[in-house]
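One letter stands for each residue in the lines below.
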Amino acid sequence: MLDPHTLMFVMLLNCLLMAASLAALTLRKPWPGLQPWCVSLFVQGIGWLLMLIAFSLAIDNLFGAGTVLLVAGMVLQVHAVDRFGGHDTQWTAPLAVAATVAVAYAYPGLSAPLRMGVAVCGFTVLRLLALRSLLHIHDLRGSRVLRLMVIVLGLSVVVLGARAVELLSGSFGAEPIASPMLRTIYEVLAFSVGYAVVVVTTFGLLLLHRERADAELRQLAERDSLTGLLNRRTFLQLAGRRVQRARNDGEALTLMILDLDHFKRINDQFGHPAGDRVLCDFAEVMLNSLRRNDLVGRFGGEEFAVLLMGVDLSGGLVLSERLRTATERRWVEPEGIRYTVSIGLAELDPYETSGLTSLISRADRALYRAKGEGRNRSALSPIGAG
Ligand SMILES: Nc1nc2c(ncn2[C@@H]2O[C@H](COP(=O)(O)OP(=O)(O)OP(=O)(O)O)[C@@H](O)[C@H]2O)c(=O)[nH]1
């Protein structure tokens with residue numbers, strides 16, 4: 001079995017070293033959530049220090065102060081995770097937990113196991129709140145690091161919760177940690193999980209920051225900054241692969257090229273920022289009208305492209321007309337701007353060797369026809385037309 005002095009010392013060292021390393025990092029680059037996390041580790045380190053001194057010299061009040069600092073650190077951790085996730089902290093619950101633990105230690109009539117039971121109950125609730133905040137980090141939902149953090153935090157909730165029940169139901173002895181050695185596997189487990197939480201969540205948070213920065217860089221490289229759609233280069237790259245796949249599998253595939261009508265007039269009449277809002281509005285119309293699996297990109301200016309997998313020319317025409325009629329019903333606030341779109345469509349010819357290039361030039365020619373025939377319409381380029 002393990003010696004609690006050593007474990008407390010390890011926890012104190014662990015928290016302070018991590019706090020110092022994070023402080024060095026946050027000085028250079030203040031990422032959201034990292035500063036409160038760093039302060040929380042420092043506060044918890046001091047908490048463990050007070051508990052170690054109290055435990056060695058049997059000073060009850062100091063043990064209470066150390067416990068309250070551990071709780072304060074956990075409150076800050078909930079806040080740090082909220083900051084990282086871009087949410088405001090709901091302070092009522094964490095502060096109520098912290099106040100309850102502080103009162104339990106300040107009130108002289110309570111027995112040591114009961115006090116500790118209240119404290120461990122508080123730890124459990126705060127870990128649960130941190131877990132909830134972690135689950136609200138939407139932009140990194142698929143991250144394995146985030147999953148690991150959730151598992152470790154979830155495990156700590158189970159272990160702490162069971163310990164709280166044990167302490168509060170009085171099955172534990174007269175003193176919370178009376179023996180110089182941790183007596184049960186269970187106590188060792190509680191400390192070990194506590195240790196793992198500090199290490200995994202701290203490194204986890206750093207790795208999540210890294211993952212987010214990488215995702216932002218990818219977004220910058222692959223997406224159009226105004227509409228958030230794929231940029232021309234990425235669209236062509238992905239479309240090239242899909243065309244190849246469709247040819248191998250003998251699957252139908254249709255390309256739409258879409259161009260807003262008289263867009264220059266919109267810019268001239270309402271100004272460039274209003275024109276930008278129209279472009280974003282149209283991107284929204286497309287995303288709402290098409291399937292998730294369709295490739296949607298901005299080719300540049302007021303020209304867009306959509307690649308429809310498993311759709312032939314007649315199916316493409318149905319979608320294109322749906323998109324066109326949805327567009328002419330739009331009303332862009334606050335100026336009440338109305339706009340329309342012309343669409344050229346071409347279907348993949350499985351016998352054509354130039355693939356995407358030919359598909360684009362045929363759809364382009366169809367678009368040109370749609371413009372020439374009066375705009376706000378769809379025009380087709382049947383196989384063999386080009
Ligand atoms: N607001 C805004 N305007 C843009 C952007 N990119 C290109 N434009 C403008 O889009 C307009 C395109 O005009 P034209 O190529 O003449 O086409 P059009 O007026 O739509 O005419 P048709 O296509 O023939 O119906 C130009 O005035 C460009 O300045 C952008 O990102 N934002």
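Residues numbered from 1 in each chain as written. Predicted model: local features only at pLDDT ≥ 70, side-chain atom pairs only at ≥ 80, totals over all residues. Heavy atoms only, no water.

In the nomenclature of an unreviewed UniProt entry, the chain corresponds to diguanylate cyclase from the organism Plasticicumulans lactativorans. Per UniProt, the chain carries the Catalytic activity (unreviewed entry) text "2 GTP = 3',3'-c-di-GMP + 2 diphosphate". Here is the UniProt Cofactor (unreviewed entry) comment for the chain, exactly as written: "Mg(2+)". (UniProt positions renumbered as here; feature names shortened; annotations may be inferred.)

1. Considerations on the site of the ligand
The environment of the ligand is made up of 16 residues, and the closest members are His262, Phe263, Asp276, Arg298 and Arg375. Contact between the ligand and aspartate 259: an oxygen atom at 3.0 Å from a side-chain N or O atom of the residue. Isolated, the ligand exposes 670 Å² of accessible area, and the fraction of that covered by the protein chains is 66%. Put simply, the parts of the chain that give the shell around the ligand at least two residues each are strand 1 (253-260), helix 9 (263-270) and helix 10 (272-289). For the shell around the ligand, the leading source of residues is helix 10, giving 4 residues. Its residues placed into classes, the shell around the ligand shows 3 nonpolar, 5 polar and 8 charged. (Near = heavy atom within 4 Å. Polar contact = N/O pair within 3.5 Å; in protein donor to acceptor, adjacent residues only side chain to side chain. Areas by Shrake-Rupley, 256 points an atom, 1.4 Å probe, with all protein chains shown as cover. Helix = DSSP H or I, 4+ residues; strand = E, 2+ residues; numbered from the N terminus. Nonpolar A, V, L, I, M, F, W, Y, C, P; charged D, E, K, R; others polar.)

2. A word on the sheet that holds strand 4 (residues 341-347)
Remark on secondary structure: sheet strands pair via backbone hydrogen bonds, oriented parallel or antiparallel. Strand order in the open sheet formed by 5 strands is 2-3-1-4-5, and the pairing between neighbours is mixed. Looking along the sheet, the strands with just one partner apiece sit at the ends: strand 2 (295-300) and strand 5 (378-381). Neighbour-to-neighbour, the strand axes of this sheet turn through a mean angle of 20°, independent of strand direction. In this structure, strand 1 lies alongside strand 3 (residues 303-309), joined through 7 bridges in antiparallel fashion. Residue leucine 255 lies in a different strand from strand 3, and its bridge partner there is leucine 307. Across the face of the sheet, helix 11 (residues 313-328) comes into contact with strand 1, strand 3, strand 4 and strand 5 while running at roughly 170° to strand 4. (Pairing = 2+ DSSP bridges. Axes fitted to C-alpha atoms, helices over the stretch in contact; angles between N-to-C directions. Contact = heavy atoms within 4.5 Å.)

3. Considerations on unusual backbone geometry
Excluding glycine, a negative phi dihedral is what most residues carry, and trans is how most peptide bonds are arranged. Cis geometry is adopted by the peptide bond preceding proline 334, which originates at glutamate 333 and carries an omega value of 0°. Within the element layout of this structure, proline 334 appears in the loop between helix 11 and strand 4. Even without being glycine, arginine 375 reaches a positive phi, approximately 70°. Relative to the elements of secondary structure, arginine 375 occurs in the loop between helix 12 (356-372) and strand 5.

4. Regarding empty space enclosed by the protein
The tally for this structure, following the rule as stated, stands at 2 cavities of 30 Å³ or more. As a volume, the largest cavity reaches approximately 410 Å³. Lining the largest cavity are 27 residues, and of these Trp48, Leu70, Phe123, Leu160 and Ala190 sit closest to its centre. Contributing elements (two or more residues each) for the lining of the largest cavity: helix 1 (4-28), helix 2 (34-57), helix 3 (60-85), helix 5 (112-135), helix 6 (144-168) and helix 7 (185-222). Broken down by element, the residue count for the lining of the largest cavity peaks at 7 residues, all from helix 7. Of the residues that constitute the lining of the largest cavity, the class distribution is 20 nonpolar, 4 polar and 3 charged. Computed from the structure, the second largest cavity encloses a volume of approximately 50 Å³. Elements with a minimum of two residues in the lining of the second largest cavity: helix 3, helix 5, helix 6 and helix 7. For the lining of the second largest cavity, the element with the highest residue contribution is helix 5, accounting for 3 residues. Its residues placed into classes, the lining of the second largest cavity shows 7 nonpolar, 2 polar and 1 charged. (1 Å grid on protein atoms, 1.4 Å probe; cavity = no way out; pocket = protein on both sides within 12 Å on 5 of 7 lines; lining within 4 Å. Points joined across faces, edges and corners; volume = space filled by probe spheres on them.)

5. Some thoughts on the pattern of salt bridges
Overall, the coordinates contain 14 salt bridges when judged by the stated rule. In this structure, aspartate 224 and arginine 298 form a salt bridge, with 3.2 Å as the shortest nitrogen-oxygen distance. You can see aspartate 224 sitting in the loop between helix 7 and helix 8 (232-249) and its partner arginine 298 sitting in strand 2, a full 74 residues away along the chain. Two residues, arginine 330 and aspartate 281, come together in a salt bridge whose shortest N-O distance is 2.8 Å. Pair noted here: arginine 330 is in the loop between helix 11 and strand 4 and aspartate 281 is in helix 10, with a separation of 49 residues, a long-range link. Among the residues examined, aspartate 281 registers a relative accessible area of 11% and is labelled buried. (Salt bridge = Lys/Arg side-chain N within 4 Å of Asp/Glu carboxyl O. Buried < 20%, exposed > 50% of the residue type's maximum accessible area, 1.4 Å probe, protein only.)

6. Remarks on the layout of surface pockets
One number sums up the size of the second largest pocket: a volume of about 230 Å³. Around the second largest pocket, the lining comprises 13 residues; the ones closest to its centre are Arg223, Leu287, Arg292, Asp294 and Val296. For the lining of the second largest pocket, the per-class residue count stands at 7 nonpolar, 2 polar and 4 charged.

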